[in-house]
Amino acid sequence: MLRNTVLSATPCIRTLANIARTRGSLPKRNQQEDDERISCILNVLNATKYELILPPISQLRKCLYISKSSRFKIDSRFYGFARLELEGSTLLKSEFIATKSQLNVMNMRKNMTSLQKAFMTNHRTREVLSRFLRTKGVKKLARFPLPHYELSSNAITRMDLSVFYTVVACLAHCNEKTVMSELIQNEITKPAIRKLFRL
């Protein structure tokens, strides 16, 4: 049973923002571990295969610190964390929907349980993506000023997804739309849906 002090997913982001609402520089002592977390995401995306143009590592590190009011400078323009997170989430959701259409889900219903059909029909991309990332060993990405035991697993998952969305958005600002679409579908959406629903 979780302790009463464990923060749930819903108010967690607001709580962390109140704890550390500063624009201070990122802690240098974390740089090596931060770079390893970014590398983990880039490996899942198979960034080398698609010869992605990467933003400066100093900007990618900011994606990990969800409680800071960071501003990102990408291609001479500035963006806030919330905007990048929304852009990344929207991009991934649209690619999930496109992938479902390509896999012709309607003709595969006989191979799915009722629960699986409902899961896909509702476009619950957050759940599909989080499960897929766990199978890839992607976890504990987010940096926050609280020990893990004070947070619920749902809150940690939600924050890790926020990091992932933000990194994807940063990459999308540096690369062609067609390249990002091909990458996301081949490396994320298609394998995620096929693995989860055994297609």
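Everything here concerns the structure above.
Everything in this summary refers to the structure shown in the same document. (Residues numbered from 1 in each chain as written. Predicted model: local features only at pLDDT ≥ 70, side-chain atom pairs only at ≥ 80, totals over all residues. Heavy atoms only, no water.)

Residue placement: Q59 occurs in helix α3 (residues 57-62). Residue classification places Q59 among the buried positions, given a relative accessible area of 9%. In terms of polar contacts, Q59 uses its side chain to reach the side chain of S58, at 3.5 Å. Once residues within four sequence positions are removed from consideration, Q59 is found in contact with R71, F72 and K73. (Helix = DSSP H or I, 4+ residues; strand = E, 2+ residues; numbered from the N terminus. Buried < 20%, exposed > 50% of the residue type's maximum accessible area, 1.4 Å probe, protein only. Polar contact = N/O pair within 3.5 Å; in protein donor to acceptor, adjacent residues only side chain to side chain. Contact = heavy atoms within 4.5 Å.)

Taking 1.5 Å as the rise per residue, helix α2 (residues 31-44) with 14 residues should run 20 Å; its terminal C-alpha atoms sit 20 Å apart, in good agreement. Of the residues making up α2, those classed as buried are D34, R37, I38, I41, L42 and V44. Across the axial projection of α2, the buried residues extend over an arc of 165°, all falling on one side. Away from its buried face, by an angle of more than 90 degrees, α2 presents the exposed residues Q32 and N43. Those residues of α2 hidden inside the fold are in contact with α3, α6 (125-135), α7 (153-172) and α8 (177-197). (Expected span 1.5 Å × (residues − 1). Arc of directions from axis to C-beta.)

One can describe the packing of helix α4 (residues 81-102) onto α7 by two numbers: an axis separation of 7 Å at closest approach and a directional angle of 85°. With respect to α7, the axis of α4 lies roughly perpendicular. Contacts between α4 and α7 pair F81, L84, E85, E87, G88, S89, L91 and L92 from the former with S162, F164, Y165, T166, V168, A169, C170 and A172 from the latter. The residue inventory of the contact of α4 with α7, partitioned by class, reads 10 nonpolar, four polar and two charged. (Axes fitted to C-alpha atoms, helices over the stretch in contact; angles between N-to-C directions. Parallel < 35°, antiparallel > 145°, perpendicular 65-115°, else oblique. Nonpolar A, V, L, I, M, F, W, Y, C, P; charged D, E, K, R; others polar.)

Our focus in this paragraph is unusual backbone geometry. For N46, which is not glycine, the phi dihedral falls at a positive 55°. Positive phi, close to 70°, is recorded for S76, a residue that is not glycine. Along the chain, S76 falls in the loop between β1 (71-74) and β2 (77-80). Accessibility expressed as a relative area gives 63% for S76, which makes it exposed.

Turning next to the pattern of salt bridges. With the rule as written, the count across this model stands at five salt bridges. Salt bridges here are not isolated pairs; linked through shared partners, they connect E33, D34 and R143. (Salt bridge = Lys/Arg side-chain N within 4 Å of Asp/Glu carboxyl O.)

The next point concerns the environment of L60. Position of L60 relative to the elements: it lies in helix α3. Between the C-alpha atoms of L60 and D35, which are 25 residues apart in sequence, the distance is 8.7 Å. Ignoring sequence-local partners within four residues, the contact set of L60 consists of I38, P55, V167 and C170.

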